[in-house]
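# Analysis of the macromolecular model
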Amino acid sequence: MTQVYEKLMRCYECVRNRTDFVPKVAIVLGSGLGDFAERIQVEYELPYSDIGTFPVSTVPGHAGKFIFGNIDGIPVVCMKGRVHYYEGYSISDVVLPIRLMKLLGAEILFLTNAAGGVNSSFHAGDLMMLRDHISVFAPNPLIGPNVEELGTRFPDMSNVYDEELQNIILQAAKEHHIYLQQGVYAQLTGPSFESPAEIRMLRTLGCDAVGMSTVVEAIAANHMGMKICGISCICNLAAGMTARPLSHEEVQQAADMAAPNFKKLVTEVVKKIGK
Ligand code: HPA
């Protein structure tokens, strides 16, 4: 058994000693979506710090816990706060919570994040559905001995973001008159924001949005055969696209402003995909 799997199983047993809740949908809440939890009929909350050697986020605004509960009768587990590679965790620790949620029963993974807009037709406050991603600027979470219990050595990445889930998101956005962009998200490690030259490079490569999370989570979830979808909240136009310098506070404020639509869309999509 690999060390990665052993650690995962220890965390799994720790959670199972506390709750036997079986989620159908796993949701990762990005910056600004934290109070999405209001939409959940909460059954059980489990702070990450209560789970043995589980990685605990150090970013302001990312206080971490699992929330188990129901949205419109659909059992969900929500990650309020995620861990990022730039905090200094190993990449296998960064994706451990995703793997854990799959082991707990979640077949569907709904990823959300705050991102910078790279596409020049985007505006701060837009929401963007992920159609694909670029992972080459972040370490691959599957590097190391393959964890055979979780998935295959060389997973196919042709359809990471599930076509059917994408259609559900598009339909929910249309029904609720929520303007939705679509595009390719690139993960860089951070924690520094990108330089204007890096943003020009990303645009040339076909990126529409950039952030510091999500892609490694999608790779780990895809390895385990989860159905994945994702939505970015475009909190700012990326470096060099406006005259203003970027700050975490600005990102947080923009995420808070976009939060009502973001929460509405995520709730409506979960209701549809859980059916
Ligand atoms: N770059 C990277 N990550 C981000 C940004 C950005 O401009 N905005 C929010 N998260």
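Residues numbered from 1 in each chain as written. Predicted model: local features only at pLDDT ≥ 70, side-chain atom pairs only at ≥ 80, totals over all residues. Heavy atoms only, no water.

## Quick word on the site of the ligand
Taken together, Ala114, Ala115, Gly116, Phe193, Glu194, Val210, Gly211, Met212, Asn236, Leu246 and Val251 are the residues near the ligand. Measuring from a nitrogen atom of the ligand, one finds a backbone N or O atom of alanine 114 at 3.4 Å. Glycine 116 places a polar main-chain atom, nitrogen or oxygen, 3.3 Å from a nitrogen atom of the ligand. Out of a free accessible area of 260 Å², the ligand has 95% covered by protein chains. Mapped by element, the contributors of at least two residues to the shell around the ligand are strand E5 (108-117) and strand E8 (209-211). (Near = heavy atom within 4 Å. Polar contact = N/O pair within 3.5 Å; in protein donor to acceptor, adjacent residues only side chain to side chain. Areas by Shrake-Rupley, 256 points an atom, 1.4 Å probe, with all protein chains shown as cover. Helix = DSSP H or I, 4+ residues; strand = E, 2+ residues; numbered from the N terminus.)

## What to know about the nonpolar core
In terms of nonpolar packing, the biggest core is built from 42 residues, with Phe66, Ile98, Met101, Leu109 and Ile228 touching the most fellow members. Apart from the residues lying within four places of it in its own chain, the contact partners of isoleucine 228 are Leu109, Leu111, Val160, Tyr161, Asp162, Leu165, Ala218, Ala221 and Asn222. Grouped together as the second largest cluster of nonpolar side chains are 38 residues, Ile40, Ile108, Ile168 and Leu180 included. (Core = buried A, V, L, I, M, F, W, Y, C linked by side-chain atoms within 4.5 Å. Buried < 20%, exposed > 50% of the residue type's maximum accessible area, 1.4 Å probe, protein only. Contact = heavy atoms within 4.5 Å.)

## Some details on the packing of helix H2 (residues 91-103) against helix H5 (residues 215-223)
Close contact between H2 and H5 brings their axes to 9 Å; oriented N to C, the two are set at 55°. As the angle between them shows, H2 and H5 are arranged oblique. When you trace H2 past H5, the crossing you get is right-handed. On the side of H2, the interface is formed by Ile91, Val94, Val95, Ile98 and Arg99, while H5 contributes Val216, Glu217, Ala220, Ala221 and His223. (Axes fitted to C-alpha atoms, helices over the stretch in contact; angles between N-to-C directions. Parallel < 35°, antiparallel > 145°, perpendicular 65-115°, else oblique. Left-handed = near helix turned anticlockwise from the far one by under 90°.)

Don't take any of this as a statement about function, it's just geometry.
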